[in-house]
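Analysis of the macromolecular model
Given next are the chains, with one letter for each unit.
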Amino acid sequence: QVQLVESGGGLVQAGGSLRLSCAASGSIRSINSMGWHRQAPGKQRELVARISTSESTNYADSVKGRFTIARDNAKNTVYLQMNSLKPEDTGVYYCTANRYGMDCWGKGTLAIVSS
């Protein structure tokens, strides 16, 4: 199994920045890609960004140019740098680790962007 612990959420004004971190432990050798999903109030969870073991990345259209995902394999950590935040970025952000085609989920960290 893989355990994922997120940190770095908080309250920020529109236009500001937050950096989320996710530390992975357990069966980390089995991890393929890692990513971030979010769930806004009253909405379904959506993929925000994903990064593969070869560090190729993909982003939701709504965050392209503003968010950057990165991973530090030595620290078993993945980051999400969020810049130029908008109120619609508000939500619970979940770290995910893909193993054998299935995503493992962290408990999430809340980011609130005020207007």
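The coordinates are above.
Residues numbered from 1 in each chain as written. Predicted model: local features only at pLDDT ≥ 70, side-chain atom pairs only at ≥ 80, totals over all residues. Heavy atoms only, no water.

1. Some points on the packing of aromatic side chains
Under the counting rule described, the total for this entry stands at 1 aromatic pair. Judged by centre distance (5.9 Å) and plane angle (75°), the ring pair of Tyr94 and Trp105 falls under edge-to-face. In this pair, Tyr94 sits in strand β9 (residues 91-99) while Trp105 sits in strand β10 (residues 102-105), placing the two residues 11 residues apart along the sequence. For Trp105, a relative accessible area of 36% gives the class partly exposed. For the cation-ring pair, Arg19 lies above Tyr79, with the distance from its terminal atom to the ring centre recorded as 4.1 Å. The ring centre of Tyr94 lies 3.9 Å from the NZ or CZ of Arg45, which sits over that ring. (Phe/Tyr/Trp six-rings, centres within 6.5 Å; stacked < 30°, edge-to-face > 60°. Helix = DSSP H or I, 4+ residues; strand = E, 2+ residues; numbered from the N terminus. Buried < 20%, exposed > 50% of the residue type's maximum accessible area, 1.4 Å probe, protein only. Lys NZ or Arg CZ within 6 Å of the ring centre and 35° of its normal.)

2. A look at the sheet that holds strand β1 (residues 2-7)
The antiparallel open sheet is built from 4 strands, whose spatial order is β1-β3-β8-β7. Looking at strand neighbours, the two that pair on one side only are β1 and β7 (67-72), the edges of this open sheet. Each strand of the sheet is rotated relative to its neighbour by a mean of 15°, with strand direction disregarded. The pairing of strand β3 (residues 18-26) with strand β8 (residues 77-82) spans 6 bridges and is antiparallel. If you follow Leu18 over to β8, its bridge partner there is Met82. (Pairing = 2+ DSSP bridges. Axes fitted to C-alpha atoms, helices over the stretch in contact; angles between N-to-C directions.)

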